[in-house]
Amino acid sequence: WQVTVETAATTAGLDSALLLEVCDLCIRICLVLTIPLVFIICPMNYTWGGGAAGDDVLGSIDIGNVEVHHPWLYYVHALVVWGVCIVMYSSLKRAQRIFLVRRFMWLKSVPLPRANTLLIENIPWEFRSNEKVREFLSSVLSPDAIKEVEVLKLTGYLAKLVASQTAAKESLHKAELQLKKDGHRPQHRKCWCWGAEVDSINYYTEAVETLEEQIREERARVDAASMPDAPHFLPLGGGALQEIAGGLLQAGSCGYAQCGFVTFTTRRHAEIARDIRYTADRRLWVASFPPEPEAMRWTALAERPSYVTSKKLVGYAATSAIIIFFMPICATITSIARLVNAGPLQSVWAGLVPTIGLKIMLSFLPTILLLIFRLFFALKSDPEAQHKLQTWYYVFQLIFVILVTAIGTSLVAQLKSLAEKPDSIFEMLGESLPKATHYYMNYLLLEWAAESMQVLRISNLVKFLLFRTLYSEDEARANAEPEDQDSGGMGARYAVFAASMTICVVFSTLSPLVAPLAFVAFALRRLVYGYLVVFAETRKPDLGGNFWVTFVHHMHVATAIYCVVMIGVLSARSSSWWPRAIPAVAFAWSQWAFWRLTSALDWTRLPLDEVVAAEGGQESPADAESKRSSYIQPELLATQHLSGPSASPSDEAQAGASPVDAE
């Protein structure tokens, strides 16, 4: 509890620290909602509701206990909608202003050369060389503004060789450790289960040496292809012919890709260059702030734009297919769970097991989504993959957890019905969601247990125990990190937090006990993640607040859904049009207020006066030398070490199977 957001930002990075800020924000909102809902609305529903809930003891304090066409109580619930919207907006506005201060502090502390570097994408083919890009930008700005230019080289085969050598070195290291442990030289078969056994140490030593020679030759070929006097293909025109030229360039007529990194002498020059429109075509010379060098996905950056677009269409099709077919799977699991007769424990079984089944199915989604994103989307870095996961995983949580009772077993059928009659959304949500409040209370109760178990770090412990049988304790600890970046990564965590808060906002008026249950859930998360991100987990590459901004947008969505649900509920249960008009006005005001909140404050970059003030630091010669090649592709570095810089895990996955394994 005593870990502050500032301490976490220093230790674990701003994105991890803002995870704690999300918990603090949600705790405050839940507490503010709990007090009036539990101590005022609950007694009112119970005392004057009319007993519509019947024998449902827990439902006697819900809105379901208020009889249809109650003469005055629905006016109170309509005013509560305004209260919830005001609480959400005021809390997020305050938190967003605090975030801006932290974001600007983070931007000021970004180290060189990242602070002075821009990623330039869609460089026209005739400028795809270090010299041509420097010449062009020098003519636009000034020659002394450009410090270094590194246009990406086409190193697909070289990256595969380097990934293969890294794998061979790791296998050699394991074989040497096995020899030291067992006292005899290990052996293995070349082709899994068949083929003659070979001495592992000799085999991998020879493989490393062979690959080293191939890497040297391929690196020389790449350097030769990117020399200024290397042959270039000249296009005859724009449009399709330029795409043909791009294909020939990829085939080997030129050694450069369509993007690169430009490091400027000052941060002021970098910010100015970022805002310049270099040509009339907005698609060319696209400048952006680069990710951390250690998190770059170099192979994805070098892909052709037309190839990237085709893959992206396939990726969206695959994601849409998961959305369509996931609902019947969840419905089947829930139906099977309800068929089981648990005897005296039937009420516990019926209340918890379907929810547990849904959470288990949802736990597989991050892995599937990240696989799709990494295969079909040209994401520049691993944190961007996590950010994309945050958006889409929240969509899945929204559909399959929050709106599942309204959608039923067929998402396509409901979409078709809404397309034919759009205003039926109020009736659909208003009739179905109030009946499912107990389900969401069970869901929040399960999150208490699920989040508390995170502190055990069971998967990391199992990996550590397994690695310790071969490696030293320090190596085993290093290999056991990080935690699972699919369901336990930054994107999944922010999405799950947003989904829990959406449940609290949408159902707090329908069932006031949801708010205190969500309060306990976020209090446990604050305790668990306050320990994990600072004391247990390793530091992750940082985007500097992108996850937070997306979370704020998700809270905007949550407020909108809440208003729509309450309009539907009050329309169906009230005899007057006033109880439905009051939340309708609240809906319109909240949309305008959130739009103003998210559009008025620019968090993406420092104001120019802040940039000038942040330019006081100077690099020492040693720092400058250590950072000189930060944005050079790892496979182009002259020396590769087993534990040193190498292709990132994402690049190794893209590189495919190594030649050693293929043999």
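Residues numbered from 1 in each chain as written. Predicted model: local features only at pLDDT ≥ 70, side-chain atom pairs only at ≥ 80, totals over all residues. Heavy atoms only, no water.

What follows deals with the sheet that holds strand 1 (residues 117–121). Ordered in space as 2-5-1-6, the four strands form an open sheet in which the pairing is antiparallel. The sheet terminates laterally at strand 2 (146–153) and strand 6 (286–288), the two strands that pair on one side only. When strand polarity is set aside, the average angle formed by the axes of neighbouring strands in this sheet is 25°. Across four bridges, strand 1 lies against strand 5 (residues 256–264) in antiparallel orientation. Across the sheet, residue leucine 118 finds its bridge partner in strand 5, namely valine 262. Sheet strands touched by helix 4 (residues 130–140): strand 2 and strand 5. Its angle to strand 2, the strand with the most contacts, is close to 140°. (Pairing = 2+ DSSP bridges. Helix = DSSP H or I, 4+ residues; strand = E, 2+ residues; numbered from the N terminus. Axes fitted to C-alpha atoms, helices over the stretch in contact; angles between N-to-C directions. Contact = heavy atoms within 4.5 Å.)

Our next topic: the packing of helix 3 (residues 73–109) against helix 21 (residues 546–573). At a minimum axis distance of 11 Å, the contact between helix 3 and helix 21 shows a crossing angle of 175°. What the angle tells us is that helix 3 and helix 21 run roughly antiparallel. A breakdown of the residues in the contact of helix 3 with helix 21 according to their chemical character gives 18 nonpolar, four polar and two charged. (Parallel < 35°, antiparallel > 145°, perpendicular 65-115°, else oblique. Nonpolar A, V, L, I, M, F, W, Y, C, P; charged D, E, K, R; others polar.)

Under the definition given, this model contains 28 aromatic pairs. Relative to tyrosine 471, the ring of phenylalanine 467 lies with its centre 5.8 Å away and its plane at 65°, an arrangement referred to as edge-to-face. Clustering of aromatic rings is evident, with ring pairs tying together Trp82, Tyr89, Trp589 and Phe594. Note that lysine 388 overlies the ring of phenylalanine 373, its terminal NZ or CZ placed 5.9 Å from the centroid. When the ring centre of phenylalanine 522 is taken as reference, the NZ or CZ atom of arginine 525 above it lies at 5.0 Å. (Phe/Tyr/Trp six-rings, centres within 6.5 Å; stacked < 30°, edge-to-face > 60°. Lys NZ or Arg CZ within 6 Å of the ring centre and 35° of its normal.)

Interpretation note: all reported values are geometric properties and have no functional meaning in isolation.
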